[in-house]
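Structure at a glance
The lines below spell out each chain.
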Amino acid sequence: MQVNPITKREIKITARGKRYFIEIFVFEMILMLTFILSLNSIFGKSNGNVNSADYNMFGKLFPLVGLAELLIMSFVIPVMTGASISGEKERQTFDIMLTTSIRPFQIVWGKLMSVIVRIMMFAIAAVPIMAVSFVSGSLSWGILFLYLLMVTIYAFFLASVGIYASAVCKKSMTAIIFSFVIVFFMTVGTLLMAFLEYVVFEKLMLASIFLLVNPVMYFGVLFSISTGSENTFKLLKSIEDMEVNSDHRWIIAASIIFVVFTILFIVLSARRLDPLKGKKV
């Protein structure tokens with residue numbers, strides 16, 4: 001199996017430096033701090049004494065630690081990918097890269113996979129901390145594997161957004177800001193649309209489609225299922241017809257939408273890099 005040369009080069013550069021390992025250390029420290037604060041908050045009423053009757057309470061740690069991990073990823077991935085192609089333009093190595101035998105799609109895919117490999121190391125590093133909720137027997141291991149699958153899909157989507165922004169913009173900072181604008185619309189924008197529609201019509205119609213690309217809803221449904229609570233996210237209560245709290249149909253539909261948009265952004269990025277686009281040979 002031949003490894004993409006772009007991915008191979010990026011991983012080698014990352015492995016030779018100390019920065020990436022420091023980032024993983026800081027990431028673990030943030031998750032550990034979140035875990036300790038959450039543990040203290042959940043068991044604080046019992047003066048820190050955790051007896052056998054309280055083991056089911058460990059299940060509440062999963063959404064809190066998972067949310068912290070997702071917030072970090074949502075900030076880190078756009079920064080990593082935002083400078084992937086635009087950085088080549090700033091260093092004036094972009095035109096040289098296009099003169100090689102590597103096709104535009106391979107460039108985009110190589111840049112994307114180099115980020116995914118690094119991000120998945122973050123996700124794997126978080127598993128031991130999150131596994132406490134599952135070792136206690138309060139949650140099914142299937143929830144953890146489903147969460148990792150959803151994190152992978154979400155990481156690919158965010159990376160494709162950042163790659164597209166980097167392909168469109170000439171400056172890294174502009175690309176990063178553009179990526180954050182897209183992510184902001186996905187989270188706050190779609191929720192605002194749903195809120196306004198619910199206020200006007202007292203039910204969700206068109207806005208429910210946009211909520212399929214909302215990461216808050218995407219992982220919120222999983223966290224709601226894992227804790228068995230229908231009040232985790234109040235917005236879920238307004239979508240009773242879809243029964244998002246009783247099965248995984250919302251997760252499946254949203255995952256398909258994320259995959260489709262990921263492919264779309266990758267294709268658009270490759271077309272943006274193609275020097276022969278729109279030219280007759």
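Everything below is about the structure shown above.
How each quantity is defined
- Residues numbered from 1 in each chain as written.
- Predicted model: local features only at pLDDT ≥ 70, side-chain atom pairs only at ≥ 80, totals over all residues.
- Heavy atoms only, no water.
- Salt bridge = Lys/Arg side-chain N within 4 Å of Asp/Glu carboxyl O.
- Helix = DSSP H or I, 4+ residues; strand = E, 2+ residues; numbered from the N terminus.
- Buried < 20%, exposed > 50% of the residue type's maximum accessible area, 1.4 Å probe, protein only.
- 1 Å grid on protein atoms, 1.4 Å probe; cavity = no way out; pocket = protein on both sides within 12 Å on 5 of 7 lines; lining within 4 Å.
- Points joined across faces, edges and corners; volume = space filled by probe spheres on them.
- Nonpolar A, V, L, I, M, F, W, Y, C, P; charged D, E, K, R; others polar.
- Core = buried A, V, L, I, M, F, W, Y, C linked by side-chain atoms within 4.5 Å.
- Contact = heavy atoms within 4.5 Å.
- Axes fitted to C-alpha atoms, helices over the stretch in contact; angles between N-to-C directions.
- Left-handed = near helix turned anticlockwise from the far one by under 90°.
- Patch = residues over 30% accessible without salt bridge, like charges linked within 9 Å, V, L, I, M, F, W, Y side chains within 5 Å.
- Areas by Shrake-Rupley, 256 points an atom, 1.4 Å probe, with all protein chains shown as cover.
- Phe/Tyr/Trp six-rings, centres within 6.5 Å; stacked < 30°, edge-to-face > 60°.

1. What to know about the pattern of salt bridges
- Going through the model one piece at a time under the given rule, you end up with three salt bridges.
- Between Arg-19 and Glu-23 there is a salt bridge, and its shortest N-O distance comes to 3.2 Å. A residue pair is termed a helical-turn pair when its members lie 3 or 4 positions apart in one helix, as Arg-19 and Glu-23 do in helix α2 (residues 19-43) at four residues.
- On the basis of relative accessibility, which here comes to 26%, the residue Glu-23 falls in the partly exposed class.
- Linking Arg-91 and Glu-88 is a salt bridge whose minimum nitrogen-to-oxygen distance equals 3.4 Å.

2. Some thoughts on the layout of surface pockets
- In this structure, the largest pocket spans a volume of roughly 630 Å³.
- In terms of lining residues, the largest pocket is bounded by 24 residues, among which Glu-10, Thr-14, Arg-19, Met-80 and Arg-118 are the most central.
- Put simply, the parts of the chain that give the lining of the largest pocket at least two residues each are α1 (5-16), α2, α3 (61-82), α4 (86-90), α6 (104-130) and α9 (172-201).
- A class-by-class count of the residues in the lining of the largest pocket yields eight nonpolar, six polar and ten charged.
- Approximately 330 Å³ is the volume found for the second largest pocket.
- What lines the second largest pocket is a set of 17 residues, among which Leu-71, Ser-74, Thr-187, Pro-215 and Val-216 lie closest to the centre.
- Elements represented by at least two residues in the lining of the second largest pocket include exactly α3, α9 and α11 (215-227).

3. Comments concerning the nonpolar core
- Ranked by internal contacts, the top residues of the largest apolar core, which has 69 residues, are Phe-62, Tyr-147, Tyr-218, Phe-219 and Phe-258.
- For this core, the elements supplying multiple residues, two or more each, are α2, α3, α5 (94-98), α6, α8 (141-168), α9, α11 and α12 (249-273).
- A per-element tally of this core places α8 first, with 14 residues.
- Residues contacting Tyr-218, with those up to four places away along its chain left out, are Met-150, Ile-153, Trp-250, Ile-251, Ala-254, Ser-255 and Phe-258.

4. Focus on the packing of α1 against α6
- Packing of α1 against α6 leaves a shortest axis separation of 7 Å and a crossing angle of 35°. Judged by the sense of rotation from one axis to the other, the crossing of α1 with α6 is right-handed. Contact with α1, carried on its side by Ile-6, Thr-7, Arg-9, Glu-10, Ile-11 and Thr-14, involves Gln-106, Ile-107, Trp-109, Gly-110, Lys-111, Met-113, Ser-114, Val-117 and Arg-118 of α6 and no other residues of that element.

5. Some words on a nonpolar patch on the surface
- Nonpolar side chains collect at one region of the surface, where Ile-22, Phe-25, Val-26, Met-29, Ile-30, Met-32 and Ile-36 lie side by side and expose about 630 Å² of accessible area between them.
- Structurally, Val-26 can be placed in helix α2.

6. Considerations on the packing of aromatic side chains
- Within the structure shown, the criterion is met by 17 aromatic pairs.
- Between the aromatic rings of Phe-157 and Phe-258, the centroid separation amounts to 4.9 Å while the plane-to-plane angle is 65°, which identifies the pairing as edge-to-face. Taken together, the residues Phe-157 in helix α8 and Phe-258 in helix α12 connect sequence positions 101 residues apart.
- Judged by its relative accessible area of 3%, Phe-157 is buried.
- Aromatic rings pair up to connect Phe-62, Tyr-147, Tyr-154, Phe-157, Tyr-164, Tyr-218, Phe-219, Phe-223, Phe-258 and Phe-265 into one cluster.

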